[in-house]
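Chain by chain, the residues:
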Amino acid sequence: MKKLSLLTLLLALAVGAANATQIIRITNLQQGKRFDGIGAVNGGGATSVLLKDYPEPQRSQIMDLVFKPMFGASVSAMLVEVPGDGNSTQGSMPSHSHYRGDNNFMRGYIWWVMREAHKRNPQLALDATAWSSPAWVGSCWSDDMVDYYIAWMQGLRQVHGMELDALGCHNERGWNGDFAKKMRKAMNERGFKEVKLHGFGNWGKSKLDFVKYMQQDKELADALDAVCAHTYSEIPISQEQRTAIEAMGKPIWNSEDHVYLKGFNCLISIVKCFNENYIVSGATRIINWYDIAGVYPLEPYSQDPAMLLAREPWSGHYSLREALWGYAHYGQFSAVGWQYIDQGCVKLEGGGSMVMMRNPATDDYSIIIETKDAKSAQSVEVRLPKGLSRKALCVWMSNAQEQFVRQQDISQKSGHFTITLEPGTVYSLSTTTGQQKGSFTDIPASAPFPLPYADNFDQYTQPSTWGYLPRYLADIIGAFELTTRPEGQGQCIRQVVGEHTLSWAPEWHHYTILGDSAWRDYEVSADVYLTPGDEAGVMGRLCDVGTGYGVWVKGYYMKLDDQGNCTLILSRGKPDPKELIGDAEQQAIILARKDVEIGGEYTLATAKVPDISSLQWHNLRLRFIGDQITGYIDGKEVLSATSDHYKKGMAGLIAPLQKKRVCTPYFDNLSITPLGSSKATQPLDTKDHRPLYQLRQ
């Protein structure tokens, strides 16, 4: 009996301990760093290429849901890619400076994204860095790269009326102290003294190795206004590194974290990421990759990281992921310039974490809590000092069943309150008001890509207002831009990048895609105009465009050169080692990957076509019916093959990459026609599709 009584007593004590209330005492409001914002990357992979093509009002609704304060995600910071013509995960974005002396600040859509975000929230912290850059800059650490960045910031200021809050030295390219010094000096001397410079945006165990050099080099320490790296949620900053950085008086930023999860697990993990970035690593600005998935589903990372899916500009349909409300749990309860309260930033005894911050200009405060790792309910009592508001706390909650739902307010007039926290739940408590779960009721139904499809590019009467980019084409690498036809009559598109870029990822042929990955039987046709030495082609049944680091396609393409050589090729993704293009470091990374099929390119058929030369227009047409593939030049069949390796996929245009040059052909009269089992769909309606920019005066 004594043994049984002792066991019963021990069990009771264990249960009591498990149910004990954790008391969090706040006595020091001054101990805590400045909050520099939470948000997401736009870019690092051409992430808004389809968003730009959405009709109104859906295009504005999407931007509201991410950037409008007190409505949706309500992010307080955004990091954008400074476009550089090279692939940077999903695709590429056109540079403002394709070649030395070329400056065009209307190219692409990143200016539009920044303008629309800033219009909704003028307090939004705007940050930027480059993933790739044109060949002419020579190196990502060159003097020309300094000029490249400065010109981009000048275009942002002078043409688009916006200022950066901060600039990163580069994305995931190591570090270079001399470059940081040169960049800081140039920014100070050329009108950008107020823009913060951060470095160096790397990942892995060695990502902050440069910190010890900052301690020894005052000029380098003075050049960097903030120390940044990636993925503190995977590899937290060490205590030694944190102490060293804080001793230099530098804020710690996370310029790219990764939460590649689904459903509510993504939401709660985002909040956990934000909380632990500060609690464990001392990071005061945390940016996740990435915000809006305006990309085709075929492209890598087309869903799981994003907070919103915008894949159908032809229908106007879009959808929210639970992830968006994870950002809202921070974004609607804080603002850049608030202050963390360190005594309220803790790991919870029953599992989970809590972050507390206050508005130093008022007595308002907010608390953000997640209990992802909790096994049972737990009770937390918060005891407050004078100097914090005694107003009732609004409470917003998310769990697997419902997201961002307001609960009963908590009264805390006596200076303390207690809350019971359920496991697997996110809570935001605040003395601020105005939060809401924004939504729209007029989201159009999903619809397939319109077939038949045709574009002669003549409707873009002012290409600059469209960012020089036609609707629905998603450049995977290179830049397929609107331009005047070579003979001066009408418009077309041209792949304009003529040199190998300083790419973030290994290169392949320059190509652009469109359509539906479910297409089976169809033909894709385009007119091509070859400059001397060029090749150009049409693509079909594309079912893969790479893993995100490497852009080798799986599918078929037919190409024609200016000597009349026509070739039908089966591409099976990752090439054999002898076919790899890129530096030794890039090749080693690719060859080490176990999740990429090694296949390379296989010639299925060839033909010599008479009367072909450069500086002429010729029509290329590639037909797929079952396992029969047929190629036509100027309406005449020139080659055919039987292949069932890929049975369905998207269409595209290709400008093959050569060892010493990149092809820059023109394309016009692009069309896709359903055949056999493929059916025509609803015709395309573009009446509500609007340009990105106003005409420049």
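As shown above, the structure is provided for reference.
Here is what the cut-offs are and how they apply
- Counting restarts for each chain: residues are numbered from 1 in the order of the written sequence.
- Side-chain atom pairs in this predicted model are given and counted only at pLDDT of 80 or more, local residue features only at pLDDT of at least 70, and totals for whole chains, interfaces and linings cover all residues.
- Calculated side-chain values reflect all of the structure's heavy atoms, with hydrogen atoms and water omitted.
- Here, a strand pair is defined by DSSP locating no fewer than two bridges between the strands.
- In DSSP terms, a helix is any run of H or I states spanning at least four residues, a strand is any run of E spanning at least two, and both are numbered starting from the N terminus.
- Each axis is a line fitted through C-alpha atoms, taken for helices only over the stretch in contact, and angles between the N-to-C directions span 0 to 180 degrees.
- Space inside and on the surface of the protein is sampled on a 1 Å grid over the protein atoms alone, with a cavity defined as a set of points where a 1.4 Å probe fits but cannot get out and a pocket as an open set with protein on both sides within 12 Å along at least 5 of 7 lines; lining residues have an atom within 4 Å of a point.
- Grid points are joined across faces, edges and corners, and a volume is the space filled by probe spheres set on the points.
- Throughout this entry, Asp, Glu, Lys and Arg are counted as charged residues, while Ala, Val, Leu, Ile, Met, Phe, Trp, Tyr, Cys and Pro are counted as nonpolar. The remaining residues, Gly among them, count as polar.
- Oblique is the label for every angle not falling under 35 degrees (roughly parallel), over 145 degrees (roughly antiparallel), or within 65 to 115 degrees (roughly perpendicular).
- Left-handed is the label given to a crossing in which the near helix is rotated counterclockwise from the far helix by less than a right angle, and right-handed is the label when the rotation is clockwise.
- Between two residues, a contact is recorded if the distance between any of their heavy atoms is within 4.5 Å.
- Multiply 1.5 Å by the residue count of a helix minus one, and that product is the helix's expected span.
- Each residue is placed in one exposure class: buried if its accessible area under a 1.4 Å probe, protein chains only, is under 20% of its type's maximum, exposed if it is over 50%, and partly exposed if it falls in between.
- Two N or O atoms count as a polar contact when they lie within 3.5 Å, although within protein this holds only if one can serve as hydrogen donor and the other as acceptor, and sequence-adjacent residues are included solely when both atoms are side-chain atoms.

> How should I be thinking about the sheet that holds strand 30 (residues 565-572) in this particular structure?
Sheet strands pair via backbone hydrogen bonds, and the direction of the pair is either parallel or antiparallel. Spatially, the seven strands line up as an open sheet ordered 23-26-35-28-29-30-31, and their pairing is antiparallel. Where the open sheet ends on each side, the last strands, each with one partner, are strand 23 (474-477) and strand 31 (601-608). The sheet shows a mean angle of 20 degrees between the axes of neighbouring strands, taken without regard to direction. In this sheet, strand 35 (residues 650-655) lies alongside strand 28 (residues 535-544) in antiparallel orientation, the contact comprising four bridges. By the bridge assignment for strand 35, Gly537 is matched with Ile654.

> Would you mind showing me how to read empty space enclosed by the protein here?
In this approach, a probe sized like a water molecule rolls over the atoms, and the result shows the empty space that is left. Summed over the entire model, instances satisfying the criterion amount to four cavities of 30 Å³ or more. When its volume is computed, the largest cavity comes out at roughly 70 Å³. The wall of the largest cavity is formed by Val49, Lys52, Ser92, Met93, Pro94, Tyr109, Leu469, Pro470, Leu473, Asp475 and Phe480. Residue composition of the lining of the largest cavity, by class: eight nonpolar, one polar and two charged.

> Looking at this model, I keep getting lost on the packing of helix 2 (residues 58-67) against helix 3 (residues 110-120). Mind explaining?
Axis angle and axis distance: for two packed helices, these are the angle between their axes and the distance between the axes, and together they describe the pair. Two elements in contact, helix 2 and helix 3, have axes separated by 10 Å at closest approach and are oriented at 60 degrees. Considered as vectors, helix 2 and helix 3 are oriented oblique to each other. Judged by the sense of rotation from one axis to the other, the crossing of helix 2 with helix 3 is right-handed. Between helix 2 and helix 3, the residues in contact are Arg59, Ser60, Met63, Asp64 and Phe67 and Trp112, Val113, Glu116, Ala117 and Arg120, respectively. Residue composition of the contact of helix 2 with helix 3, grouped by class: five nonpolar, one polar and four charged.

> I would appreciate a short explanation of the side chain of Asp291 in the present structure.
Considering the arrangement of structural elements, one finds Asp291 in the loop between strand 9 (283-289) and strand 10 (292-293). Once you skip the residues sitting within four places of it in the chain, Asp291 turns out to touch Ala40, Val41, Asn42, Thr47, Phe67, Met78, Ala306, Met307 and Leu308.

> Teacher, can you tell me more about helix 4 (residues 143-158) here?
Each α-helix turn comprises 3.6 residues. Residues three or four places apart therefore point the same way. Taking 1.5 Å per residue as the helical rise, helix 4 with its 16 residues ought to reach 22 Å, and the 22 Å between its terminal C-alpha atoms agrees with that figure. Listed as buried for helix 4 are Asp144, Met145, Val146, Tyr148, Tyr149, Ile150, Ala151, Trp152, Met153, Gly155 and Leu156. Backbone nitrogen of Asp144 and a side-chain oxygen of the N-cap are separated by 3.3 Å at the start of helix 4; the cap is Ser142.

> Before we go on, may I ask you to explain helix 2 in this structure?
Here helix 2 lies mainly inside the structure; nine of its 10 residues are buried. Looking at helix 2, one finds that the buried residues are Gln58, Arg59, Gln61, Ile62, Met63, Asp64, Leu65, Val66 and Phe67. The secondary structure elements touched by the buried residues of helix 2 are strand 3 (77-82), helix 3, strand 10, strand 11 (308-312), strand 12 (317-320) and helix 10 (323-331).

> Would you mind going over the sheet that holds strand 11 with me for this structure?
Within the open sheet, the three strands sit side by side as 10-11-12. Their pairing is mixed. Two strands in the sheet have a free side with no partner beyond their single neighbour: strand 10 and strand 12. Relative to strand 11, strand 10 is paired through two bridges, and the arrangement is parallel. The residue bridging Ile292 from the neighbouring strand is Leu308, located in strand 11. Docked against the sheet, helix 2 engages strand 10, strand 11 and strand 12, running at close to 15 degrees with respect to strand 12.

> Please clarify how the pairing of strand 16 (residues 365-370) should be interpreted in this entry.
The two faces of the sheet receive side chains in turn, since in a regular strand these alternate between them. In terms of burial, strand 16 is largely enclosed, as six of its six residues are buried. Every second residue of strand 16 is oriented toward a common face, with Tyr365, Ile367 and Ile369 on one face and Ser366, Ile368 and Glu370 on the other, all of them buried. With antiparallel pairing between neighbouring strands as the criterion, strand 15 (residues 353-358) and strand 16 make up a hairpin whose turn holds six residues.

Geometric descriptors of this kind do not, in isolation, establish any biological role.
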